[in-house]
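Listed below are the residues making up each chain.
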Amino acid sequence: MRILVIYCHPVETSYNAALHTEVVQQLRGAGHEVDDCDLYAEGFNPVMTREERLGYHEVPSNQLPVQGYVDRLLWAEAVVFCFPTWCFGMPAMLKGFFDRVLMPGVAFDISDPHNVKPSLTHIKRISAVVTYGRPRWTALFMGDPPRKSITRYMRLLTGGKARVDYHAYYHMNVATPPRLAAFKARVGEAMARFA
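Everything numeric here is computed off the predicted structure, so don't read it as measured data. (Residues numbered from 1 in each chain as written. Predicted model: local features only at pLDDT ≥ 70, side-chain atom pairs only at ≥ 80, totals over all residues. Heavy atoms only, no water.)

The next subject is the environment of L120. Within the secondary structure, L120 is located in the loop between β5 (117–118) and β6 (125–131). Spatially, the C-alpha atom of L120 lies 28 Å from that of P10, the residues being 110 residues apart in sequence. Residue contacts for L120: discarding those within four places in its chain leaves L73, L102, V106, A107, M154, L157 and T158. (Helix = DSSP H or I, 4+ residues; strand = E, 2+ residues; numbered from the N terminus. Contact = heavy atoms within 4.5 Å.)

Here the focus is the sheet that holds strand β2 (residues 33–38). Pairing within the open sheet is parallel, and its five strands lie in the order β2-β1-β3-β6-β7. Looking along the sheet, the strands with just one partner apiece sit at the ends: β2 and β7 (163–169). Averaged over all pairs of adjacent strands, the angle between their axes in this sheet comes to 15 degrees, without regard to strand direction. Where β6 and β7 come together, seven bridges link them in parallel fashion. What sits directly across from S127, in β7, is D165. Lying over the sheet, helix α6 (residues 145–157) contacts β3 (78–84), β6 and β7, oriented at roughly 175 degrees with respect to β7. (Pairing = 2+ DSSP bridges. Axes fitted to C-alpha atoms, helices over the stretch in contact; angles between N-to-C directions.)

A complete count under the given rule lists seven aromatic pairs for this structure. Between F44 and Y69, the aromatic rings sit 5.0 Å apart at their centres with planes inclined by 80 degrees, giving edge-to-face as the arrangement. Taken together, the positions of F44 in the loop between β2 and α2 (50–54) and Y69 in helix α3 (residues 67–75) put the pair 25 residues apart, joining distant regions of the chain. When its relative accessible area of 5% is taken as the criterion, F44 is described as buried. Taking the centre distance of 5.7 Å and the plane angle of 55 degrees together, the rings of F44 and F97 count as tilted. With a gap of 53 residues between them, F44 in the loop between β2 and α2 and F97 in helix α4 (residues 92–101) connect regions that are remote in the sequence. F97 gets classed as buried once you look at its relative accessible area, which sits at 2%. Of the aromatic side chains, those joined through ring pairs into one cluster are Y15, Y169 and F183. (Phe/Tyr/Trp six-rings, centres within 6.5 Å; stacked < 30°, edge-to-face > 60°. Buried < 20%, exposed > 50% of the residue type's maximum accessible area, 1.4 Å probe, protein only.)

Once that is clear, we can look at empty space enclosed by the protein. With a probe scaled to a water molecule rolled over the atoms, the places where space remains empty come into view. On inspection of all chains with the given rule, the structure shows one cavity of 30 Å³ or more. Within this model, the largest cavity holds a volume of roughly 50 Å³. In this structure, the largest cavity is lined by M48, E52, Y56, N62, D99, R100 and M103. (1 Å grid on protein atoms, 1.4 Å probe; cavity = no way out; pocket = protein on both sides within 12 Å on 5 of 7 lines; lining within 4 Å. Points joined across faces, edges and corners; volume = space filled by probe spheres on them.)

In structure tokens form, the structure reads like this:
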């Protein structure tokens, strides 16, 4: 399977970095073709410019500023996200990826505004590996936007057909090495079985 891994964390020694490494190694070990997209390492610019916004609905010229990322997304049969939750949302860098890359002509067809159609119908699998600083109940209280972005919005863009799984580690603020190791092992097992 062709898998685009979208990783978003600025610190190479973080637990998220270790999870990201595990994800990529296990997917490649299982025989998948992996495009490892590290948004920070690649210097992705999350800021939509005035010109981009003005031309947002102009398909296909709207894709030109992020054509490389569009091509990578269109190549993929599956997408795996790996990121931390900050302030009960995804990092600004990843939100910017959603804003700039998941656009008309790429993620959806808005030529008939009354009948918007999904365009990522080639994506068959979506997965996410996400960490939270706070316990699960606080994320639920806040509506857990990252979970909804992955399990609802991304799936909607595939026409509701992609299989989705969401691997979340809550309460990083009181994490212990054994618990972190156990979660990483569970993530590794899930990626090794990814299909």
